[in-house]
Amino acid sequence: MATGRTHRPATRSRGIPEATVARLPLYLRALTALSERSVPTVSSEELAAAAGVNSAKLRKDFSYLGSYGTRGVGYDVEYLVYQISRELGLTQDWPVVIVGIGNLGAALANYGGFASRGFRVAALIDADPAMAGKPVAGMPVQHTDDLEKIITDNGVSIGVIATPAGAAQQVCDRLVAAGVTSILNFAPTVLTVPDGVDVRKVDLSIELQILAFHEQRKAGEEGAGDGAAAPAAAQEHRKGPDGDVPAVMPA
């Protein structure tokens, strides 16, 4: 079976836009669910709804794959699963190393979805000597001293960083120097990498902060409907160096 070291996905060479590439996993997830239910075909409207996009955008995305469906029939589910999997590089083996086996790293190691999506966790690596040899998700944790050898021996080109922020850049530098060209970063920091290395950042705290922003806006909109008391509050005054000033100043 081919490894990630010698084969790269075809998406860039075929000129598929990055925005389309980002949506392909959404389509694949929806299609896989249909396949598991033995659904043979699906319309663009049905698939778009399942993937959370509009149907016009879906049809445009699929045109980059050379897949246009059949009028009155829709798209062949199994063929689309294969086609998107091929474009994403999931029809081959991608060995992955996870560096940093704390709570998050251990949770990632135990995630069962990697293998079914074309990713094989080749090694779990941690800097803590006490972790060395400890089994996590059925695999012994290895020490960071052996990082370069592990990458070379397993032909790894994808690394997952789940370390504390302070250690992430050093780990990243070692991964890149050893030949890793794609990094999934869970550490709460921005990594600096050379050209030719792709980094995807996952920051749960940022996502929560964005949700908090939307919650605050929703609360503000609800409060705006109860605006009878607002004018009275706005009329409250207090003494300032230049005379009376409103108690509530505009932002």
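Residues numbered from 1 in each chain as written. Predicted model: local features only at pLDDT ≥ 70, side-chain atom pairs only at ≥ 80, totals over all residues. Heavy atoms only, no water.

*Asks:* Help me get a handle on the pairing of strand β4 (residues 119-126), residues and values and all.
*Replies:* In terms of residue burial, β4 counts as a mostly covered element, since 6 of its 8 residues are buried. In terms of strand pairing, strand β3 (residues 94-99) meets β4 through 6 bridges, oriented parallel. Paired with proline 95 across the bridge in β4 is arginine 120. Looking at chain direction, β4 and strand β6 (residues 139-143) are connected through 3 bridges and run parallel. By the bridge assignment for β6, aspartate 126 is matched with histidine 143. (Buried < 20%, exposed > 50% of the residue type's maximum accessible area, 1.4 Å probe, protein only. Helix = DSSP H or I, 4+ residues; strand = E, 2+ residues; numbered from the N terminus. Pairing = 2+ DSSP bridges.)

*Asks:* Break down the pairing of β3 for me, with residues and values.
*Replies:* With 6 of 6 residues buried, β3 lies mostly within the body of the structure. The alternating pattern of β3 places Trp94, Val96 and Ile98 on one face and Pro95, Val97 and Val99 on the opposite face, and all of these are buried.

*Asks:* So, the nonpolar core: which residues are in play, and what are the values?
*Replies:* Counting residues in each nonpolar core, the largest one holds 23 residues, and the members touching the most others are Tyr27, Leu31, Val42, Leu47, Leu58, Phe62 and Ile84. At the level of elements, α1 (18-36), α2 (44-51), α3 (55-64) and α4 (77-87) are the ones that each hand at least two residues to this core. Not counting residues up to four positions away in its chain, the partners in contact with leucine 58 are Tyr27, Ser44, Leu47, Ala48, Val53 and Tyr75. Grouped together as the second largest cluster of nonpolar side chains are 21 residues, Val97, Cys172, Val176 and Ala178 included. (Core = buried A, V, L, I, M, F, W, Y, C linked by side-chain atoms within 4.5 Å. Contact = heavy atoms within 4.5 Å.)

*Asks:* Tell me about the packing of aromatic side chains, and please be specific about residues and values.
*Replies:* One pass over the structure, following the stated rule, counts 3 aromatic pairs. Each ring, one from tyrosine 27 and one from phenylalanine 62, has its centre 5.0 Å from the other, and the planes form 75 degrees; the classification is edge-to-face. Here tyrosine 27 is found in helix α1, whereas its partner phenylalanine 62 is found in helix α3, with 35 residues between them in sequence. On the accessibility criterion, phenylalanine 62 (0% relative accessible area) is buried. Ring centres of tyrosine 111 and phenylalanine 114 lie 5.0 Å apart, and the angle between their planes is 90 degrees; on these two criteria the pair is classed as edge-to-face. Assessed through its relative accessible area of 43%, tyrosine 111 is described here as partly exposed. Judged by its relative accessible area of 23%, phenylalanine 114 falls in the partly exposed class. (Phe/Tyr/Trp six-rings, centres within 6.5 Å; stacked < 30°, edge-to-face > 60°.)

*Asks:* Describe unusual backbone geometry, naming the residues involved and giving the relevant values.
*Replies:* Positive phi outside glycine occurs at serine 38, with the angle close to 60 degrees. Within the secondary structure layout, serine 38 lies in the loop between α1 and β1 (41-42). Looking at serine 38, the relative accessible area reads 63%, which means it is exposed. With a phi angle near 55 degrees, alanine 137 is a residue other than glycine that sits in the positive phi range. You can see alanine 137 is positioned in the loop between β5 (135-136) and β6. By relative accessible area, which is 38% here, alanine 137 ends up partly exposed.

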